[in-house]
Number of protein chains: 2
Amino acid sequence: SLMLSSQRKIPEFSSFVARTNTCGELRSSHIGQEVTLCGWIQYRRQNIFIVLRDCHGLVQVVIPQDKSAASMKKILCEAPVESVVKVSGTVISRPPGQVNPKMPTGEIEIKVKTAELLNACKKLPFEIKDFVKKTEALRLQYRYLDLRSSQMQYNLRLRSQMVMKMREYLCNLHGFVDIETPTLFKRTPGGAKEFLVPCREPGKFYSLPQSPQQFKQLLMIGGLDRYFQVARCYRDEGSRPDRQPEFTQIDIEMSFVDQTGIQRLIEGLLQYSWPGDKDPIVIPFPSMTFAEALATYGTDKPDTRFGMKIVDTSDIFRNTEIRFLQDALTKPQGTVKAMCVCQGAKYLNRKDIEFIRKFAADHFNQEVLPIFLKANKNWNSPVTKFITEEQRWQLTRLMEIQDEDMVLLTAGQHKKACSLLGKLRLECADLLEMRGVVLRDPTLFSFLWVVDFPLFLPKEENPTELESAHHPFTAPHPSDIHLLYTEPTKVRSQHYDLVLNGSEIGGGSIRIHDAELQHYILAALLKEDVNLLSHLLQALDHGAPPHGGIALGLDRLICLVTGAPNIRDVIAFPKSFRGYDLMSSAPDFVPSEELKHYHIQVSWPTDSE
Amino acid sequence: SLMLSSQRKIPEFSSFVARTNTCGELRSSHIGQEVTLCGWIQYRRQNIFIVLRDCHGLVQVVIPQDKSAASMKKILCEAPVESVVKVSGTVISRPPGQVNPKMPTGEIEIKVKTAELLNACKKLPFEIKDFVKKTEALRLQYRYLDLRSSQMQYNLRLRSQMVMKMREYLCNLHGFVDIETPTLFKRTPGGAKEFLVPCREPGKFYSLPQSPQQFKQLLMIGGLDRYFQVARCYRDEGSRPDRQPEFTQIDIEMSFVDQTGIQRLIEGLLQYSWPGDKDPIVIPFPSMTFAEALATYGTDKPDTRFGMKIVDTSDIFRNTEIRFLQDALTKPQGTVKAMCVCQGAKYLNRKDIEFIRKFAADHFNQEVLPIFLKANKNWNSPVTKFITEEQRWQLTRLMEIQDEDMVLLTAGQHKKACSLLGKLRLECADLLEMRGVVLRDPTLFSFLWVVDFPLFLPKEENPTELESAHHPFTAPHPSDIHLLYTEPTKVRSQHYDLVLNGSEIGGGSIRIHDAELQHYILAALLKEDVNLLSHLLQALDHGAPPHGGIALGLDRLICLVTGAPNIRDVIAFPKSFRGYDLMSSAPDFVPSEELKHYHIQVSWPTDSE
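**Q** I keep staring at the overall build of chain A and nothing clicks. Help me out?
**A** Per the secondary structure count, chain A includes 16 helices and 24 strands. Along the first, second and third principal axes, the C-alpha set of chain A runs to 95 × 75 × 60 Å. The buried share of chain A, reckoned over its 609 residues, is 58%. Taking the intrachain contacts of chain A between residues at least 6 apart in sequence as the baseline, contacts between residues at least 24 apart amount to 67%. Accessible area of chain A: about 25800 Å², with a carbon and sulfur share of 51%. A gap of 7 Å separates the mean positions of the 73 positive and 73 negative side-chain charges of chain A.

**Q** Please explain the pattern of salt bridges as it appears in this structure.
**A** Within the structure shown, the criterion is met by 80 salt bridges over all chains. Salt-bridge contacts for Lys216(A) lead to Asp251(A); the nearest nitrogen and oxygen are separated by 2.7 Å. Of the two residues, Lys216(A) is situated in helix 5 (residues 213-221) and Asp251(A) in strand 10 (residues 246-255); the sequence distance between them amounts to 35 residues. The salt bridge partner of Arg139(B) is Asp569(B), with a shortest N-O separation of 2.8 Å. Taken together, the residues span a long stretch of sequence, with Arg139(B) in helix 2 (residues 136-141) and Asp569(B) in the loop between helix 15 (554-562) and strand 23 (588-589) at a distance of 430 residues. Take Arg139(B) and Asp569(B): they sit in the same class, and that class is buried. Each member of the salt-bridge network shares a partner with another, and the members are Arg159(A), Arg232(A), Glu246(A), Asp555(A), Lys575(A) and Glu180(B).

**Q** Just checking my understanding: could you explain the interface of chain A and chain B for this structure?
**A** Quoted interface sizes are often the accessible area lost when the parts come together. Opposite the 139 residues of chain A that make contact, chain B presents 138 residues. Taken together, the two surfaces of chain A and chain B that pack against each other cover about 12500 Å², and 58% of this comes from carbon and sulfur. At the boundary of chain A and chain B, one finds 14 salt bridges. Linking Lys186(A) and Asp588(B) is a salt bridge whose minimum nitrogen-to-oxygen distance equals 3.0 Å. Counting every contact that joins chain A to chain B gives 80 residue pairs in polar contact (both at pLDDT 80 or more). Sorting elements by how many residues they give to the side of chain A that touches chain B places helix 4 (residues 150-173) of chain A first, with 12 residues.

**Q** Sorry if this is basic, but what is going on with helix 4 (residues 150-173) of chain B here?
**A** Helical geometry note: an α-helix holds 3.6 residues per turn, so side chains three or four residues apart project in the same direction. Residues and elements named next belong to chain B. Across its 24 residues, helix 4 extends 33 Å between first and last C-alpha, which sits within 8% of the 34 Å expected from 1.5 Å per residue. The element helix 4 is extensively covered by neighbouring structure, given that 20 of its 24 residues are classed as buried. Glycine 175 sits one or two positions beyond helix 4 and adopts a positive phi of about 70°.

**Q** Even after reading the chapter, I still don't get helix 11 (residues 389-399) of chain B, so can you show me in this structure?
**A** All names here are of chain B. Listing the buried residues of helix 11 in full gives Gln391, Leu395 and Met399. Around the axis of helix 11, the buried residues are gathered within 40° of arc, so they sit on the same side. Exposed residues pointing more than 90 degrees away from the buried face of helix 11 are listed as Glu389 and Arg397. Once helix 11 ends, the next one or two residues include glutamate 400, with phi positive near 50°.

**Q** I'm lost on the pairing of strand 21 (residues 503-510) of chain A in this one. Help?
**A** All names here are of chain A. Counting buried residues along strand 21, 7 of its 8 residues qualify, which places the element largely inside the surrounding structure. As judged from the 6 bridges shared by strand 20 (residues 495-500) and strand 21, these two strands associate in the antiparallel manner. Looking at the pairing, tyrosine 496 lines up with glycine 508 of strand 21. Taking the residues between adjacent antiparallel strands as the criterion, strand 20 and strand 21 are bridged by 2 residues, where asparagine 501 takes a positive phi near 50°.

**Q** Before we go on, may I ask you to explain the sheet that holds strand 8 (residues 204-208) of chain A in this structure?
**A** Hydrogen bonds along the backbone pair up the strands of a sheet, which may run parallel or antiparallel. Spatial strand order, 7(A)-8(A)-23(B): 3 strands in an open sheet with antiparallel pairing. The open sheet has two free edges, formed respectively by strand 7 (195-198) of chain A together with strand 23 of chain B, since each of these has just one partner strand.

**Q** Help me out: how do you make sense of the packing of aromatic side chains in this one?
**A** Working definition: an aromatic ring pair is given by the centre-to-centre distance plus the angle between the planes. Under the defined criterion, the tally for this structure stands at 30 aromatic pairs over all chains. Measuring from centroid to centroid gives 6.0 Å for Trp40(A) and Phe256(B), while their planes differ by 70°, and the two rings are edge-to-face. On the criterion of chain membership, the pair formed by Trp40(A) in strand 1 (residues 34-45) and Phe256(B) in the loop between strand 10 (246-255) and helix 6 (259-273) is interchain, its members lying in two chains. Of the two residues examined, Trp40(A) and Phe256(B), each falls in the buried class.

**Q** Hey, could you run me through the domain arrangement of chain A in this one?
**A** Each domain of chain A was delimited in the assignment, giving domain 1 (28-119), domain 2 (137-275 + 445-609) and domain 3 (306-434). For domain 1 of chain A versus domain 3 of chain A, the distance between C-alpha centres works out to 63 Å.

**Q** Got a minute to help me understand the packing of helix 4 of chain A against helix 4 of chain B in this structure?
**A** Geometry of a packed helix pair, given as the angle between the helix axes and the separation of the axes. Packing of helix 4 of chain A against helix 4 of chain B brings their axes to within 11 Å, and their N-to-C directions diverge by 145°. The way helix 4 of chain A lies across helix 4 of chain B gives a crossing that is left-handed. Residue-level contacts link Ser160(A), Met164(A), Arg167(A), Glu168(A), Cys171(A) and Asn172(A) of helix 4 of chain A to Ser160(B), Met164(B), Arg167(B), Glu168(B), Cys171(B) and Asn172(B) of helix 4 of chain B. Each residue belonging to the contact of helix 4 of chain A with helix 4 of chain B can be placed in one class, and the counts come to 4 nonpolar, 4 polar and 4 charged.

**Q** Would you take a moment to explain the relation of the copies chain A and chain B for this structure?
**A** Overlaying chain A with chain B gives an RMSD of 0.1 Å, the required rotation being 180° about an axis along which the chain moves by 0.0 Å. What we have between these two chains is a two-fold relation. A share of 99% of the interface residues of chain A reappears at the interface of chain B, consistent with the copies meeting face to face through the same patch.

**Q** Explanation requested: the packing of helix 7 (residues 290-297) of chain A against helix 12 (residues 414-434) of chain A in the structure shown.
**A** Residue and element names in this part refer to chain A. The interhelical angle for the contact between helix 7 and helix 12, taken along N-to-C directions, is 60°, at an axis separation of 7 Å. Residues Leu294, Ala295 and Tyr297 of helix 7 lie in contact with helix 12, whose contacting residues are His414, Lys415, Cys418, Ser419, Gly422 and Arg425. The class makeup of the residues in the contact of helix 7 with helix 12 is 4 nonpolar, 3 polar and 2 charged.

**Q** For this particular structure, what's the right way to read the side chain of Glu253(A)?
**A** Residues and elements named next belong to chain A. Looking at where glutamate 253 falls in the secondary structure, it is placed in strand 10. Here glutamate 253 falls in the buried class, since its relative accessible area comes to 0%. Within polar-contact distance, the side chain of glutamate 253 engages the side chain of arginine 511 at 2.7 Å. Residues within four places of glutamate 253 in sequence aside, it is in contact with Phe176, Lys216, Gln217, Met220, Asp225, Arg226, Tyr227, Arg511, His547, Gly548, Gly549 and Ile550.

**Q** Help me out: how do you make sense of the nonpolar core in this one?
**A** Taken as a class, soluble globular proteins show a tendency for nonpolar side chains to be buried jointly. Counting 125 residues, the largest nonpolar core has Ile266(A) and Ile266(B) as the members making the most contacts within it. Apart from the residues lying within four places of it in its own chain, the contact partners of Ile266(A) are Ile252(A), Trp449(A), Leu498(A), Ile550(A) and Leu552(A).

**Q** Is there a simple way to think about the pairing of strand 21 (residues 503-510) of chain B in this case?
**A** Alignment of strand 21 of chain B against strand 22 (residues 547-553) of chain B, held across 5 bridges, turns out to be antiparallel. Across the sheet, residue Gly507(B) finds its bridge partner in strand 22 of chain B, namely Ala551(B).

**Q** Explain the sheet that holds strand 8 (residues 204-208) of chain B here, please?
**A** What the 3 strands build is an open sheet, ordered 23(A)-8(B)-7(B); its pairing is antiparallel. Among the strands making up the open sheet, the edge pair consists of strand 23 (588-589) of chain A together with strand 7 (195-198) of chain B. Both strand 7 of chain B and strand 8 of chain B contribute to a ladder of 4 bridges, which runs antiparallel. What sits directly across from Phe195(B), in strand 8 of chain B, is Leu208(B).

Analysis parameters
Residues numbered from 1 in each chain as written. Chains lettered and ligands numbered in written order. Predicted model: local features only at pLDDT ≥ 70, side-chain atom pairs only at ≥ 80, totals over all residues. Heavy atoms only, no water. Helix = DSSP H or I, 4+ residues; strand = E, 2+ residues; numbered from the N terminus. Buried < 20%, exposed > 50% of the residue type's maximum accessible area, 1.4 Å probe, protein only. Contact = heavy atoms within 4.5 Å. Areas by Shrake-Rupley, 256 points an atom, 1.4 Å probe, with all protein chains shown as cover. Lys, Arg positive; Asp, Glu negative; His and termini not counted. Charge placed at Lys NZ, Arg CZ, Asp CG, Glu CD. Salt bridge = Lys/Arg side-chain N within 4 Å of Asp/Glu carboxyl O. Buried area = accessible area lost by both parts, 1.4 Å probe. Polar contact = N/O pair within 3.5 Å; in protein donor to acceptor, adjacent residues only side chain to side chain. Expected span 1.5 Å × (residues − 1). Arc of directions from axis to C-beta. Pairing = 2+ DSSP bridges. Phe/Tyr/Trp six-rings, centres within 6.5 Å; stacked < 30°, edge-to-face > 60°. Domains from an automatic or database assignment. Axes fitted to C-alpha atoms, helices over the stretch in contact; angles between N-to-C directions. Left-handed = near helix turned anticlockwise from the far one by under 90°. Nonpolar A, V, L, I, M, F, W, Y, C, P; charged D, E, K, R; others polar. Least-squares fit on C-alpha atoms with pLDDT ≥ 70 in both. Core = buried A, V, L, I, M, F, W, Y, C linked by side-chain atoms within 4.5 Å.

What follows is the structure, given as structure tokens:
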């Protein structure tokens, strides 16, 4: 019977198959039982012992040495490592002194009665042992071997279990309907990152959508008022490290909901599905406005596992003689920003400071001023003499500077100065951790809602035009609707991001359900071709309920939960950072004959390109 | 708390949102409660009553008539039908005589205290009432309106719940791991039905695979020994009714399993996930060889809800004077086949017989001889005089012919004659049911395993060459392996199909786990380019366990379970039979500028094509 997850009995891992037990489950309580095991030969010792492995663990098998078992001994001793065998025998206790406390099955071993070689293994490209380092290209090329590692087994099983619990929470506890939406769809406005799929009609293409955004809204309009889907999404960004051309999101949409409703739902979802081998998470999650996140952490995805917050010190330096601070403050929106790097004076050296200054110059074209506060209270900085006693005192109090801390000062426009210090905050954290300071506890999961984003941003290539900060279906903040017609850049949105340990793991919004407002934003403000979205605009006019939703990036979330170094480690068959499947060498050339079905031909680049 | 599905409490359908209850759940036990409901105005009567609808049902709302509530009355009376409103009020019992026993909420109504118009509905293209007949094109164009029908709501919810229970069975009860496999992959040999996806490298394409076949096998080789996935698959077959370019299969693979293991797993899966509002299904399912299915039902997917089996009557007619039977029997593999159409003499008329004979001539170029057995035992047939008393007696006994039955006789090669009668069996069933005979009980679900298929078939275009009857990874039947090298067409496979009410709803096989055997079949027998599969052949050599699996066609299965007339009725956003999304008009033309990213151009057909 199926029980609450905390009380749930272990699934039957050996139903319907040739084995009676898994290799990893046998304990001294099984002694005396006749068992049949199937697994891979992990290693063999002195032709007496074999360690047999399956995805549940390892078990020691004793090879019989008596003459009557010669053929069985031959099978077990001649099969190469990683061959697949089936053995039947009795679970016996290990002789005194041979118990292995490091091995979960270390109290027992199997006295074999019959053995069968199911498949012999040829020479391997690398050893299937966790400690043998492999290049990632080799791991991806032989992915089926890499999957045998205990880490990959753990990652994929944890992913499956966590998604299963999410489904239980959404479907069984809260009445959500799991609905599959198409992936062969129409291209969306501005969908330059969408893969195209030619069809058999000349010149016509499907598009692989980046998310089921339109469909989830249409489902709400269709009266399916609680939708979710573990949705495959596609994004063609060319080569990008840590991005996959296809990825998975937990896609959710609800009718008659507000921002708080979605947030409480997601907190409950994560709490319910959180792996049992981690500390439980605390809900509700803290919340921060976009403005506060930028001012305090210099980013819209703050890592709140550690402090080192950015502080506005403009008032302290109003009358400074330090030239670059002075210059900045005389400009209309000039500010002076400071960040206290805890124990920076103790752990960071001259080379680190050089790196920091170069980073600021290269990436932000900004000057950064490091100030060291030594234990003896003597300020050590190139500009120490220009900092007054009063300024020193104010700075120390405002920023709670401790002995051996370092302060980084920069000046300029609010956003630029904060962004720079936000980046330096993470760079300094890396440097400090390399020196042994523990800033970011790997067992800590620090969730944060970031809210009140701007609805529009000036377009990068033409700042007089607007683009959606997230997507054009995001509803404006109710208090700011009047600004849509006067100062649209000041309109805050009802968008919310969920941040975990400094990574964005989800984002969503309350959507526009009013056709007129949606049309105004698309046509008048964003200058989009509304014809591409006429079906959605029409749908909004046919009784669309208020609705909102969210999408969680599953690959990223599982990556953070498992502590995997890369999202490729939580995906069974990932693409390389160039978008290749290194195992099958996809993508591949296609005979031009096959392209004819689709009325396309390749435009081969000429030499001049 | 989550409980066994039979004891599970109803999910909270109103958590996190503005409503306190759904429209469909209120009963007399709720009388006196203050509730808030959100829903669509289904209809309004005399400006006194509104019937409010959400996906859980209908409820009657009483519009207050007192002057103090004038503004509220205005809102509720002026909002067009299908507008979305929020009402708060008290659940009261209906006045005596006004209880509606046909309506689940018919004992109560809502006395409104506050009302809010959430969104007004513009003029609709059709009424959202189940009884208003719509063309399918219109339903697909306004899919978001069609989804509001109770039938679509039922179909999609049943689908979600059935899949959820399948997941519980596989994950929680039997330790399967849900693993997502890529859809951007390499084309497979003979993959002419695979959609192509151009990438940013000139001339290179991904392919959208027809199934995760290779990945599931590679997962077994990777030691993930129980895999499942609700997998999106793609098949480009051009225009085909009742097929979708993207579809969903329950994809399963296990290591160390045999055919029986997979069959018992699937029987348990379907029993566990079977909807509670249907009769429980009985397991194990009966099994039939391919040869028996062909001989008895003339098809590899027999509808076993009714009899009318095909019988070989060659021996009876060995000395017949009926010319076309005689002609057939003199040929080397000639047979005479007969089928008894129960009550055919009573219900089928001359026109039906003409139709049957024309069908046989048009589709099979075959002659069919109908024989009517009247109540008075006088044979009525053009050839009655050529049928001896002895033949009549033998036929009656062999086929258990009853009064008013009709017998159809045909002659020719075994396979062709059986196939014809198999088709006529279904045609006659349609005819009889049109006349009111109940042959196929719509509440009956008749499952059947079909096994022992041939491994190879002669290629249609060139019968001296072989092709796989299913796919090239199917293992041969252990008893027939020696025939691979002598008479490959006689080799039976370890493939199995699951048939429900005459539709194939799943198929699978034990796979080849031996690299040498796989290579021999691909290269020597099928003449395939093994380079396209070198990664799989290599993987088999690196310790591949014996394994097998199955895939269930989810769309077809849900279609049969719900009794929907078409698979499009169990898919939220299906494509039309020509592969169009009629709502967004996908596929669509793409500016040639955007094609440049992918180094392709359209080959527009010339006039001569």
